[in-house]
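Structural overview
Listed here are the chains, written in short residue letters.
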Amino acid sequence: MIKTQRLIGFFGIISVGYLCWEVVTLWLNRKLAAEHTAAGGGEEATMPGGDGGGPGGSRLSTVLPLITWFVQAGIIVMTVLMAFSELGIDTTPLLAGAGIVGLAIGFGAQKLVGDIVSGLFFLIDDAFRAGEYVNVEGTMGTVEKISLRAMQLR
């Protein structure tokens, strides 16, 4: 039977994890809004202009949604592992199993891993940004969204 003290610790960890989630998400969203405003953001700035597109977003506004996703995923994983540990569940086998599954997925999805690595290099090299007008092998358009694996053109 689970002791009351462990339940209080469990709910405390969940509460702190939720608070961290909210604080980090709020901070990152404010950073993204500030970048959007600094770039002259308004409804008109997000719409592609004519045949040339816009000047492109800043590098930070292009990468910040990806950073937000990774930070939020990290908070969830850490909170769940700490909460399980507080309930007396041994998390070592969970971590070992996750490592083995991750390795198997890595070998099985080499193309996906290659696409993600290429996406990281595109973002690090600042090859193009959200809002820029690009021509990729005959397909032209304004970059609306960039992820690690794909970009969305309008």
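See the structure printed just above.
Note that the structure is predicted; figures quoted are calculated from it, not measured. (Residues numbered from 1 in each chain as written. Predicted model: local features only at pLDDT ≥ 70, side-chain atom pairs only at ≥ 80, totals over all residues. Heavy atoms only, no water.)

**A look at the pairing of strand 2 (residues 139-146)**
- One ladder, built from four bridges, connects strand 1 (residues 133-136) with strand 2; its direction is antiparallel. Within strand 2, the position partnered with Val-136 by the bridge is Thr-139.
- Between strand 1 and strand 2, which pair antiparallel and follow one another directly, the connecting turn spans two residues, one of which, Glu-137, has a positive phi of 50°.
- Both strand 2 and strand 3 (residues 151-153) contribute to a ladder of three bridges, which runs antiparallel. (Pairing = 2+ DSSP bridges. Helix = DSSP H or I, 4+ residues; strand = E, 2+ residues; numbered from the N terminus.)

**Notes on a nonpolar patch on the surface**
- Residues Ile-76, Val-80, Phe-84, Ile-89 and Leu-94 make up a contiguous nonpolar surface patch of about 390 Å² in total accessible area.
- Ranked by residue count, the leading element in the nonpolar patch is helix 3 (residues 59-86), at three residues.
- Structurally, Ile-89 can be placed in the loop between helix 3 and helix 4 (92-108).
- Judged by its relative accessible area of 40%, Ile-89 is partly exposed. (Patch = residues over 30% accessible without salt bridge, like charges linked within 9 Å, V, L, I, M, F, W, Y side chains within 5 Å. Areas by Shrake-Rupley, 256 points an atom, 1.4 Å probe, with all protein chains shown as cover. Salt bridge = Lys/Arg side-chain N within 4 Å of Asp/Glu carboxyl O. Buried < 20%, exposed > 50% of the residue type's maximum accessible area, 1.4 Å probe, protein only.)

**Side note on the packing of aromatic side chains**
- Summed over all chains, the structure comprises two aromatic pairs.
- Both rings, one in Phe-10 and one in Phe-11, keep their centres 5.2 Å apart while their planes meet at 75°; by these two values the pair is edge-to-face.
- Ring plane angle 80° and centroid distance 5.1 Å describe the contact between Trp-69 and Phe-70, whose orientation is recorded as edge-to-face.
- Taking the relative accessible area as the measure of exposure, Phe-70 reaches 46% and is therefore partly exposed. (Phe/Tyr/Trp six-rings, centres within 6.5 Å; stacked < 30°, edge-to-face > 60°.)

**Side note on the side chain of Thr-91**
- Inspection of the secondary structure assignment puts Thr-91 in the loop between helix 3 and helix 4.
- By relative accessible area, which is 15% here, Thr-91 ends up buried.
- Sequence-distant contacts of Thr-91, defined by excluding residues within four places in its chain, comprise Leu-81, Phe-84 and Ser-85. (Contact = heavy atoms within 4.5 Å.)

**Overview of the sheet that holds strand 3**
- The strand order 1-2-3 describes an open sheet built from three strands, whose pairing is antiparallel. Because the sheet does not close on itself, it has two edges, and the strands there are strand 1 and strand 3. Strand-to-strand, the axes of this sheet are offset by a mean angle of 55°, without reference to chain direction. (Axes fitted to C-alpha atoms, helices over the stretch in contact; angles between N-to-C directions.)

**Looking at the nonpolar core**
- Core analysis: the biggest nonpolar cluster contains six residues, these being Leu-66, Leu-123, Phe-128, Val-134, Val-143 and Ile-146.
- Apart from the residues lying within four places of it in its own chain, the contact partners of Phe-128 are Phe-122, Val-134, Val-143, Ile-146 and Met-151. (Core = buried A, V, L, I, M, F, W, Y, C linked by side-chain atoms within 4.5 Å.)

**Brief notes about the environment of Lys-3**
- Here Lys-3 lies in the segment before helix 1 (4-38).
- Relative accessible area serves as the criterion here: at 57%, Lys-3 is assigned to the exposed category.
- With 84 residues separating them in the primary sequence, Lys-3 and Leu-87 have C-alpha atoms 8.8 Å apart.

That's the geometry; what it means functionally is another story.
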